[in-house]
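If you want the building blocks of each chain, they are given just below.
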Amino acid sequence: MRVLLVGAGGVGTAATRIAARREFLTHMVVADYDLSRAEAAVAALKEHGDRFSALRLDATDENAVRAALTEHRCDVLFNATDPRFVMPLFNAALAAGAHYLDMAMSLSVPHPSRPFEECGVKLGDRQFELADRWVESERLALVGMGVESGLSDVFARYAADELFDEIEEIGVRDGANLTVEGYDFAPSFSIWTTIEECLNPPVVYEKERGWFTTTPFSEPEVFDFPEGIGPVECVNVEHEEVLLIPRWVDARRVTFKYGLGDDFIARLKTLHELGLDSTTKVTVPGEHGPVKVSPRDVVAACLPDPATLGDRMTGKTCAGTWVKGTKDGKPREVYLYHVVDNQWTMREYGSQAVVWQTAMNPVIALELLAAGAWSGKGVLGPEALPPRPFLDLLTEYGAPWDLREQG
């Protein structure tokens, strides 16, 4: 398989280190707007021969992306950028006749008058609007294939196929006990994406009502995470699983809750109150005259790059899917989960835990596509495909998943 990876940030670079150890990959072109980042990712893999090459590429330039896919004879475009760049990359892959894979879907737009009650444009709507064109092209756009969404969706499908007869609720629950030495505030993932997820109206799905929204950080609950992480308060956050799972898995309710903590929530609220979460550019003085900048981009530039925090980070992160329903006429409640220790990922791959855990899942998906164990056409989420091959390969990658009976 020949892959065009767009985005050589923390997750993209971690993906190259994981893919380098797998034989399915014939060649990966590592592309980024900042050529030095792509070149650094490739240079770190020189012992793997010429299977990796670097390229400067602007993710907003559909023609350039399409040309790169064609020139390098790539079978699939692997999007490792933030959600702003989903649609130009998605469209470029379709135009080039390549398959497509991303970890976050096209951006939402809140309802203009009732943002905390009704959905406006939902996550992924713009991609699903083009589903027929992907079917006609006989190509697959596999969307939301990271860890959450991604592995969490695979867990949901596995639970529906093998663990339950009827499902009352599927709730993705994410928590960690990670700390970063020397920083009072150092998010372990892209602050741009974190702001987008956490300050947008969260989406909830109920079978009788469909998709609807609530206020940010609503419905707090304490969830006890496994392997020493312990109880963490989780709140509703906008996330792809709620938009994906109900399309292929029958459940009465679907939610996503993230363990943020009071301090993190307070900082996000302050950014919002000050307008620093905005992506609308404002004019500020510059060395050579006025320049326009996005407040959110400034916030991101002022914070440490999450990919560089691994040496200062300790603890574990947990991604998982809680499912409640019945099996053989009896109530059942389980939590399917995947825990990663930062010390292990740094020792084995040189990548911090959160970006490594995110990067591993799309690489597994690519291997399944290369082997034919996963296949399809159109715009599909992970839960549209058989879960067993994925979970078996996850264990083979040396990062096994687990299941805990609740109650």
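Position labels on residues start from 1 in each chain and follow its written sequence. Under the rules for a predicted model, residues below a pLDDT of 70 receive no local features and side-chain atom pairs below 80 are neither given nor counted, while totals for whole chains, interfaces and linings still include all residues. Water and hydrogen atoms play no part in the side-chain values, which are based on all heavy atoms of the structure.

Q: Help me understand the overall build of the protein chain, please; the structure alone is not making it clear to me.
A: Counting its secondary structure elements, the protein chain contains 14 helices and 20 strands. Projected onto its principal axes, the C-alpha coordinates of the protein chain cover approximately 60 × 50 × 45 Å. Within the protein chain, the fraction of its 407 residues that count as buried is 56%. Taking contacts inside the protein chain between residues at least 6 apart in sequence as the whole, the part at least 24 apart equals 70%. Computed with a 1.4 Å probe, the accessible areas rest on the Shrake-Rupley method; for each residue, only the protein chains presented here act as cover. Working note: accessible area of the protein chain is about 17,000 Å², and carbon and sulfur atoms make up 48% of it. Under the scheme used here, helices are H or I runs from DSSP no shorter than 4 residues and strands are E runs no shorter than 2 residues, and both carry numbers assigned from the N terminus. Throughout this description, buried means an accessible area under 20% of the type-specific maximum (1.4 Å probe, protein chains only), exposed means over 50%, and partly exposed covers the range between. Note on contacts: a residue pair qualifies if any of its non-hydrogen atoms lie within 4.5 Å across the two residues.

Q: Could you clarify how one ought to interpret the nonpolar core in this entry?
A: Nonpolar side chains in soluble globular proteins generally cluster together in the buried interior. Core analysis: the largest hydrophobic core is formed by 120 residues, its most contacted members being L4, Y100 and F390. By residue number, the principal contributor to this core is helix 13 (residues 353-371), which donates ten residues. Not counting residues up to four positions away in its chain, the partners in contact with F390 are M145, L151, V154, N361, I364, A365, L368 and W374. Only buried Ala, Val, Leu, Ile, Met, Phe, Trp, Tyr and Cys residues count toward a nonpolar core, and they belong to the same one when joined by side-chain atoms within 4.5 Å. Residues V232, W322, Y335 and V339 belong to the second largest nonpolar core, which totals ten residues.

Q: Please clarify how the sheet that holds strand 4 (residues 76-79) should be interpreted in this entry.
A: In sheet architecture, strand pairing relies on hydrogen bonds along the backbone and comes in two forms, parallel and antiparallel. For two strands to pair, DSSP has to find at least two bridges joining them. Read across the open sheet, the seven strands follow the order 3-2-1-4-5-6-19; overall the sheet is parallel. Each edge of the open sheet is held by one strand with a lone partner, namely strand 3 (52-56) and strand 19 (378-380). When the angles between neighbouring strand axes are averaged without regard to direction, this sheet yields 20 degrees. To obtain each axis, a line is fitted to C-alpha atoms, and for helices this fit is confined to the stretch in contact; angles are then taken between N-to-C directions over 0 to 180 degrees.

Q: Quick question: what am I supposed to make of the packing of aromatic side chains here?
A: What describes a pair of aromatic rings is the distance from one ring centre to the other and the angle between the planes of the rings. Stacked, edge-to-face and tilted labels apply to pairs of Phe, Tyr and Trp rings (six-membered ring for Trp) whose centres lie within 6.5 Å, assigned for plane angles under 30 degrees, over 60, and everything in between, in that order. Scanning the entire structure with this criterion turns up 17 aromatic pairs. Between F155 and W401 the ring centres are 5.9 Å apart and the planes differ by 50 degrees, which places this aromatic pair in the tilted class. Residue F155 is located in helix 7 (residues 151-163), and its partner W401 is located in the loop between helix 14 (387-396) and strand 20 (402-405); the two are separated by 246 residues in the primary sequence. Overall, the relative accessible area of 18% leaves W401 in the buried class. With a centroid separation of 5.3 Å and an interplanar angle of 45 degrees, the aromatic rings of Y349 and W356 are classed as tilted. W356 shares its class with Y349; the two are buried. Three or more aromatic residues joined by ring pairs make a cluster, and in this case those are F223, F225, Y335 and Y337. Taking NZ or CZ as reference, R21 lies 3.8 Å from the ring centre of Y349, over its face. Charges are assigned to positions over rings by a cutoff of 6 Å between ring centre and Lys NZ or Arg CZ, combined with an angular limit of 35 degrees from the ring normal. Between R56 and the ring centre of Y33, over which it is positioned, the NZ or CZ distance is 4.2 Å.

Q: Would you mind showing me how to read the side chain of N361 here?
A: Position of N361 relative to the elements: it lies in helix 13. Overall, N361 belongs to the buried group, its relative accessible area being 0%. N361 has contacts with M145, G146, V147, L151, F390 and L394, leaving out every residue within four places of it along the chain.

Q: How do you make sense of the pattern of salt bridges when you look at a structure like this?
A: Once the charged atoms of two side chains with opposite charge are near each other, the side chains can pair. By convention in these notes, a salt bridge is any Lys or Arg side-chain nitrogen within 4 Å of a carboxyl oxygen on Asp or Glu. Following the criterion strictly, the structure yields 23 salt bridges and no others. Where R22 meets E367, a salt bridge forms, and the shortest distance between an N and an O atom there is 2.9 Å. Of this pair, R22 sits in the loop between helix 1 (10-19) and strand 2 (27-32) while E367 sits in helix 13, and the two are 345 residues apart along the sequence. No difference in accessibility class separates R22 from E367, as the two residues are buried. In this structure, the salt-bridge partner of R37 is D32, at a minimum N-O distance of 2.9 Å. Accessibility expressed as a relative area gives 37% for R37, which makes it partly exposed. By relative accessible area, D32 is classed as buried at 6%. Through salt bridges with shared partners, one network takes in E169, R173, E206, E219, E221, R253 and K257.

Q: I tried to follow the pairing of strand 7 (residues 166-176) on my own but got confused; where do I start?
A: Counted residue by residue, strand 7 has eight buried out of eleven residues, so it is predominantly covered. The sheet contact formed by strand 7 and strand 17 (residues 316-327) spans ten bridges and is antiparallel. Directly across from G175, in strand 17, lies its bridge partner C318. Two strands pair when backbone bridges link them, and strand 7 and strand 13 (residues 253-259) are joined in this way by six bridges, in the parallel orientation.

Q: I would appreciate a short explanation of the pairing of strand 13 in the present structure.
A: In summary, the side chains of a regular strand alternate between the two faces of the sheet. Among the seven residues that make up strand 13, six are buried, leaving the element largely enclosed by the rest of the structure. As paired strands, strand 9 (residues 203-206) and strand 13 are joined by two bridges and run antiparallel to one another. The residue of strand 13 that forms the bridge with Y205 is V254. Across three bridges, the pairing between strand 12 (residues 230-236) and strand 13 is antiparallel. Paired with C234 across the two strands is G259, which belongs to strand 13.

Q: How should the environment of R157 be read in this particular structure?
A: Along the chain, R157 falls in helix 7. In the structure, R157 is positioned 92 residues away from V249 in sequence and 6.4 Å away in space, judged by C-alpha atoms. For R157, the contacting residues outside a window of four places in its chain are V249, E383, A384, L385 and P387.

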